[in-house]
Amino acid sequence: MQRGLVRNSLATIGVFAFSLLIMVRNVAADAADPLDEQMSRSFYAADRVATESGGKFHLTMNGMWMYGPVSGHLQTPSGGRPGTSSKDRPSLGEIGINTASIYDAEIMPSFGDHGMYFGGQWIGLSGERRLDETLISQADTFPAGSRVKSDVSLDWYRIGYRYRIQRGDEAGAELPATEIYSRLGVAIWDFHYRLDGAGGVQADRSYIKAAPQMGVEMEWHATKKFSLAGELTSTLPFSSMPWIVTAQLEGKYKFIEKNGLWISGFLGAGYEKISFHDHQDLSNDINADFGPLLMLGLEMRF
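Attention here is on the structure that accompanies the text. Since the model is a prediction, treat every value here as computed from it, not as a measurement.

1. Considering the environment of threonine 76
One can find threonine 76 in the loop between strand S1 (57–75) and strand S2 (99–111). Each residue touching threonine 76, except ones within four places of it in the same chain, is listed here: Thr84, Ser85, Arg89, Ser137, Gln138, Tyr193, Arg205, Asn284 and Ile286.

What follows is the structure in C-alpha cells.
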C-alpha cells in the first residue's frame, strides 16, 4: 500500500511540476515580450471569444451538483489499538451507502493572469441496512443480523492561488481560444463517521486534516457560446494527510452575455477519490471512490 502511495505521489508531483515549469516560462516570456507584441495581442483579444483583458478585475462564481455511485470502506479503530476494528470494514455497501449526492461551490476573484480560489464540497452519505456478518468498529460490536444506521460526512474545503498559464488569444486570431490555468493551495478535509446499532451500540468518530493541493484546468472555446472544459486536482498523499483527487470534463453553454456579465450552464462527468491512512498500530483507513459522476452546474462571471 505504501509503495502505491509513493508511486501516486511521484506521478502527481511530476504532472504538477511540469505545469509549474510552464507557468515560470510564461512569466519570463511575458517580461521579455516587446511592447508591440503586447499591443498586438490586445488587438486580437478584443475580437476573441472568452478572453479577458490583462488589467481588469473579474469575479467568477460557480455552483455544481454531482451524483453517482460510491464504494469504499471506513476502518475506524479506537486509539489505534489492534482488535478495535474489523479489517477494511465497514464497507460503504454493507452499511447501506451505494450512491452519493455532492454539492460544490467556488468563488474565484482575479486580476489579469493572477487570482485566488475559495471553494468547498459537501458530501453527506447515509444509509440503513442489516449486517450480514458481525462488525467491530471503534471497539464496539455490531452483531450479524442486526440493523445499523450510518451517517458519514466527507466534506472538504479549498483555498489557494490560481495563475493563467495561457491566455485565450495566444494561439492566433484564426483559431479557437484556449485558456490554461494552474492551481496551488491547500485542501482541508472534515471527516465524521457515525454508526448506530441495536441496543444503543454506537461508533462515532471525527477529525480534520489538511494537505497541500495542486491542479491544472483548461477551457477550449469552440464557438462564441459553447466551450469544453477539463480539470484535474490532487493533494499530495504524504503520510497521515488526506489524498483527494478530482477529475472533471464538461461542456459549457453561455446563455447570457450582457454588460460584462456572463452566465453559463454546464453538463459533464467526473471522478473523485478520497483516501486517508495514518500510522497507528491499527490505522484509521478511509477510502471512498466516486464515479462516474453526473455533473450539473451554473457559472457566473463579471
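There's more to say after this.
2. Quick notes on the sheet that holds S1
Strand order in the closed barrel formed by 10 strands is S1-S2-S3-S6-S7-S8-S9-S10-S11-S12, and the pairing between neighbours is antiparallel. The mean inter-strand angle of the sheet, taken between neighbouring strand axes irrespective of direction, is 20 degrees. Across nine bridges, the pairing between strand S9 (residues 226–235) and strand S10 (residues 243–258) is antiparallel. Within the sheet, the bridge partner assigned to leucine 232 lies in S10 and is alanine 247.

3. Here's the deal with empty space enclosed by the protein
Enumeration over the complete set of coordinates arrives at four cavities of 30 Å³ or more. The computed volume of the largest cavity comes to approximately 370 Å³. Lining the largest cavity are 29 residues, with Asn62, Glu217, Glu231, Gln248 and Glu250 sitting closest to its centre. Its residues assigned to classes, the lining of the largest cavity comprises seven nonpolar, eight polar and 14 charged. Contributing to the lining of the second largest cavity are 15 residues, with Glu219, His221, Lys254, Trp262 and Ser264 lying nearest its centre. Every element with two or more residues in the lining of the second largest cavity is listed here: strand S8 (202–221), S9, S10, strand S11 (261–277) and strand S12 (285–301). Counting residues per element, the lining of the second largest cavity draws most heavily on S10, which supplies three residues.

4. Considering the pattern of salt bridges
Tallied over the entire structure, the rule returns 17 salt bridges. For the salt bridge of glutamate 106 with arginine 183, the shortest nitrogen-to-oxygen distance reads 2.8 Å. On the criterion of sequence distance, the pair formed by glutamate 106 in strand S2 and arginine 183 in strand S7 (residues 177–196) is long-range, its members being 77 residues apart. No difference in accessibility class separates glutamate 106 from arginine 183, as the two residues are buried. Here lysine 252 and glutamate 299 are joined by a salt bridge, their closest N and O atoms 2.9 Å apart. Of this pair, lysine 252 sits in strand S10 while glutamate 299 is found in strand S12, placing the two residues 47 residues apart along the sequence. What makes lysine 252 buried here is its relative accessible area of 6%.

Rules used in this analysis
- Residues numbered from 1 in each chain as written.
- Predicted model: local features only at pLDDT ≥ 70, side-chain atom pairs only at ≥ 80, totals over all residues.
- Heavy atoms only, no water.
- Helix = DSSP H or I, 4+ residues; strand = E, 2+ residues; numbered from the N terminus.
- Contact = heavy atoms within 4.5 Å.
- Pairing = 2+ DSSP bridges.
- Axes fitted to C-alpha atoms, helices over the stretch in contact; angles between N-to-C directions.
- 1 Å grid on protein atoms, 1.4 Å probe; cavity = no way out; pocket = protein on both sides within 12 Å on 5 of 7 lines; lining within 4 Å.
- Points joined across faces, edges and corners; volume = space filled by probe spheres on them.
- Nonpolar A, V, L, I, M, F, W, Y, C, P; charged D, E, K, R; others polar.
- Salt bridge = Lys/Arg side-chain N within 4 Å of Asp/Glu carboxyl O.
- Buried < 20%, exposed > 50% of the residue type's maximum accessible area, 1.4 Å probe, protein only.

Function-wise, these values are silent; they only describe arrangement.
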